[in-house]
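For reference, the chains in residue letters:
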Amino acid sequence: MSNFTLSIYIDTRRPKKDMTFPIVIRVIYNRKNTTLSTNFSVKKSDWDERHEKIKKSCKKYSREEIVIINHEIQRKLKYYATSLLEAEKKEPFKNIKEVRNFLVHNKVPKDTTRSITFVKFTNQLVEDYKSQGRLGNAKAYNNAILFMRKYYRKDFSFKDLTPKILKRIEVRFLSKGYSYNGLAFNLRTVRAIYNKAIAEGHVNIADYPFKRHSYENDKYHIKHEKTKKRAIDKSVLKKIENYQVKENTGRYNARNYFLFSFYCRGINLRDMAKLRKSNIQEGILHYRRAKTKLTYEIPLTDKAKAILQLYGFDKKSMNDFLFPIITRSYDLELMEKDMYNATQTTNKNLQKIAKELDISAHLTTYVARHSWATIADQLGVDRRTISQGLGHTSLNTTEIYINDIVSSEDLSKADDLIIG
């Protein structure tokens, strides 16, 4: 194919409204050239001219999208080159105009040889996660299957999931009285599955139904609502501390788990469930949050120690769990079920406690985390200290960490002030 030269570059002659430049495929034939759009654009600084691809540092697209887009552009280039070679064998082109018309009217075909349904593909992901011991991911992806079966159909191809269908799912979900945040939680998982399917070549990126950029008005936008404040003040906390209930009952455990979580800066119940006596060294709780992998070192207050004593802390061996939540540690899936059941049971009992104590807040295990932060803020604790204690940069955003170093002494003083 000596008469043809194909390359990928960005056309800096025509900037778009967002000040990016179109990525195009240039075809040169007998010293004449034409360009074909790829439907993608980037800033000049985000284009790797030498390797003809988008740089990983590009902020317009996510890392996952960059891999997918680069793959798609290379696939188009290869298809154009192969098509031109085969066509020229039959009859040479007269000019560059003929070359362009040929390529424009012979669109890049979608890869149907590896087509797979949503359920089949997601089930494969579930099994992969289970084999890796990532049971939380496996459960989330399995729930996505159940969600789509309930609000769409039993199974479908990825191409079937259009913006129109997603809007129909939204209407059905909201008609049940559920919130946009609940819908967003489910659709984010569906979107993650779709992205994986694109990356593995099961669906073309051109069929992607979710909105990624402000100008994609024909795509589906996952909406969110501002979350209602989930926190209690110190007077309500005192009610829970003074609440008396029979030992070894659901409400007894719920009260204790809630308070221990609060005393330890809002530790998640699942993380609490995995705590063993070995996690406590010289009065300091050491643990890694499963969700963020962030390591915490929390000096235990007298109130936190008192909760542990209720569960026989002194009599436990170093490998024993601190709380009677996980009863089947010999199997990962059964451990997951133990933690899930404990969360559901604890939240139900917390709501019973709230009713008995005339607490208007919707009391759940997660309220303890919000409450620690809120009460600290109300008492004038420096917000930088609060952020470090929670492991994020603000009271509204999680999983974003700050570089400022807050001393353990500052946090200990904060605990003393908040917990009393």
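What you are looking at is a predicted structure, and each value in this text was computed from that prediction instead of being measured.

Draft legend 1. Molecular detail of the overall build of the protein chain. Broken down by element type, the protein chain carries 14 helices and eight strands. In the protein chain, 56% of the contacts between residues at least 6 apart in sequence involve partners at least 24 apart. For the protein chain, the exposed surface amounts to about 23800 Å²; the carbon and sulfur share of it is 48%.

Draft legend 2. Spatial organisation of the packing of helix α4 (residues 135-151) against helix α11 (residues 332-356). At a closest axis distance of 10 Å, the pairing of α4 and α11 adopts a crossing angle of 70 degrees. Between α4 and α11, the angle is such that the two are roughly perpendicular. Seen along the crossing, α4 lies across α11 with a hand that is right-handed. Of α11, the residues touching α4 (which contributes Leu135, Gly136 and Lys139) are Leu332, Glu333, Glu336 and Tyr340. Tallied by class, residues from the contact of α4 with α11 come to three nonpolar, one polar and three charged.

Draft legend 3. Geometry of the side chain of Glu241. Within the secondary structure, Glu241 sits in helix α7 (residues 234-241). Within polar-contact distance, the side chain of Glu241 engages the side chain of Lys303 at 3.2 Å. Excluding its chain neighbours within four sequence positions, the residues that come into contact with Glu241 are Arg255, Leu259, Tyr263 and Lys303.

Draft legend 4. Broad picture of the sheet that holds strand β2 (residues 21-29). Pairing in this open sheet of three strands is antiparallel, and the strands run β1-β2-β3 from one edge to the other. Single-partner strands in this sheet number two, and they are β1 (4-10) and β3 (32-42). Taking each pair of neighbouring strands and ignoring which way they run, the sheet shows an average axis angle of 20 degrees.

Draft legend 5. Summary view of unusual backbone geometry. For Arg31, which is not a glycine, the phi torsion comes out positive at approximately 70 degrees. Look at Arg31 and you get exposed, because its relative accessible area is 83%. Of note, Glu282 is a non-glycine position whose phi angle comes to about 55 degrees, a positive value. Inspection of the secondary structure assignment puts Glu282 in the loop between β6 (280-281) and β7 (284-288). The exposure class of Glu282 is exposed, given its relative accessible area of 82%.

Draft legend 6. Examining the pattern of salt bridges more closely. Under the defined criterion, the tally for this structure stands at 14 salt bridges. Of the charged contacts in the structure, one is a salt bridge between Arg13 and Asp11, with a shortest N-O distance of 2.9 Å. Classification of Arg13 by relative accessible area gives exposed; the value is 58%. Note that Lys223 and Glu170 form a salt bridge whose closest N and O atoms lie 3.0 Å from each other. Placement of Lys223 in the loop between α6 (180-199) and α7 and of Glu170 in helix α5 (residues 163-175) is noted, with a sequence separation of 53 residues between them. Note on Lys223: relative accessible area 28%, which makes it partly exposed. The network of salt bridges with shared partners includes Glu65, Arg212 and Glu216.

Draft legend 7. Representation of a negative patch on the surface in the model. A cluster of acidic residues, Glu127, Asp128, Glu200, Asp331 and Glu333, forms a negative patch on the protein surface. Considering the arrangement of structural elements, one finds Asp128 in helix α3 (residues 118-131).

Draft legend 8. View of helix α12 (residues 367-378). Between the first and last C-alpha of α12 there are 16 Å, a value that for twelve residues agrees with the 16 Å anticipated at 1.5 Å per step. By the criterion of burial, α12 is predominantly enclosed, with nine of the twelve residues buried.

Draft legend 9. Region of interest: the pairing of β1. The buried fraction of β1 is high, at six of seven residues. Sheet topology places β1 next to β2; seven bridges connect them, and they run antiparallel. Of the residues in β2, the one forming a bridge with Tyr9 is Val24.

Draft legend 10. A look at the packing of α4 against α5. With their axes 10 Å apart at the nearest point, α4 and α5 run at an angle of 90 degrees to one another. Relative to α5, α4 is oriented roughly perpendicular. Residues Phe147, Met148 and Tyr151 of α4 form the contact with α5, whose participating residues are Ile169, Arg172 and Phe173. Partitioned by chemical class, the residues of the contact of α4 with α5 number five nonpolar, no polar and one charged.

Draft legend 11. Up close: a positive patch on the surface. Together, Lys53, Lys56, Lys59 and Arg63 line one region of the surface with positive charge. Along the chain, Lys56 turns up in the loop between β5 (53-54) and α1 (63-90). Since its relative accessible area comes to 62%, Lys56 is described here as exposed.

Draft legend 12. Inspection of the packing of aromatic side chains at higher detail. Throughout the structure, instances matching the rule amount to 26 aromatic pairs. Seen from their ring centres, Phe260 and Phe323 are 5.1 Å apart, and the 65 degrees between their planes marks the pair as edge-to-face. You can see Phe260 sitting in helix α8 (residues 250-263) and its partner Phe323 sitting in the loop between α10 (302-309) and α11, a full 63 residues away along the chain. By the burial criterion, Phe260 is buried, and Phe323 matches it. On the basis of an interplanar angle of 70 degrees and a centroid distance of 5.4 Å, the ring pair of Tyr311 and Phe323 is categorised as edge-to-face. Here the residue Tyr311 occupies a position in the loop between α10 and α11, and Phe323 occupies one in the loop between α10 and α11, the gap between them amounting to twelve residues. You'll find Tyr311 and Phe323 in the same group, each marked buried. Joined through ring pairs, the aromatic side chains of Phe118, Phe121, Tyr152, Phe156, Phe158, Tyr194, Tyr208 and Phe210 make up one cluster. Seen from the ring of Phe321, Arg276 lies directly overhead, with NZ or CZ sitting 4.1 Å from the centre. Note that Lys277 overlies the ring of Phe313, its terminal NZ or CZ placed 4.9 Å from the centroid.

Parameters at a glance
- Residues numbered from 1 in each chain as written.
- Predicted model: local features only at pLDDT ≥ 70, side-chain atom pairs only at ≥ 80, totals over all residues.
- Heavy atoms only, no water.
- Helix = DSSP H or I, 4+ residues; strand = E, 2+ residues; numbered from the N terminus.
- Contact = heavy atoms within 4.5 Å.
- Areas by Shrake-Rupley, 256 points an atom, 1.4 Å probe, with all protein chains shown as cover.
- Axes fitted to C-alpha atoms, helices over the stretch in contact; angles between N-to-C directions.
- Parallel < 35°, antiparallel > 145°, perpendicular 65-115°, else oblique.
- Left-handed = near helix turned anticlockwise from the far one by under 90°.
- Nonpolar A, V, L, I, M, F, W, Y, C, P; charged D, E, K, R; others polar.
- Polar contact = N/O pair within 3.5 Å; in protein donor to acceptor, adjacent residues only side chain to side chain.
- Pairing = 2+ DSSP bridges.
- Buried < 20%, exposed > 50% of the residue type's maximum accessible area, 1.4 Å probe, protein only.
- Salt bridge = Lys/Arg side-chain N within 4 Å of Asp/Glu carboxyl O.
- Patch = residues over 30% accessible without salt bridge, like charges linked within 9 Å, V, L, I, M, F, W, Y side chains within 5 Å.
- Lys, Arg positive; Asp, Glu negative; His and termini not counted.
- Charge placed at Lys NZ, Arg CZ, Asp CG, Glu CD.
- Expected span 1.5 Å × (residues − 1).
- Phe/Tyr/Trp six-rings, centres within 6.5 Å; stacked < 30°, edge-to-face > 60°.
- Lys NZ or Arg CZ within 6 Å of the ring centre and 35° of its normal.

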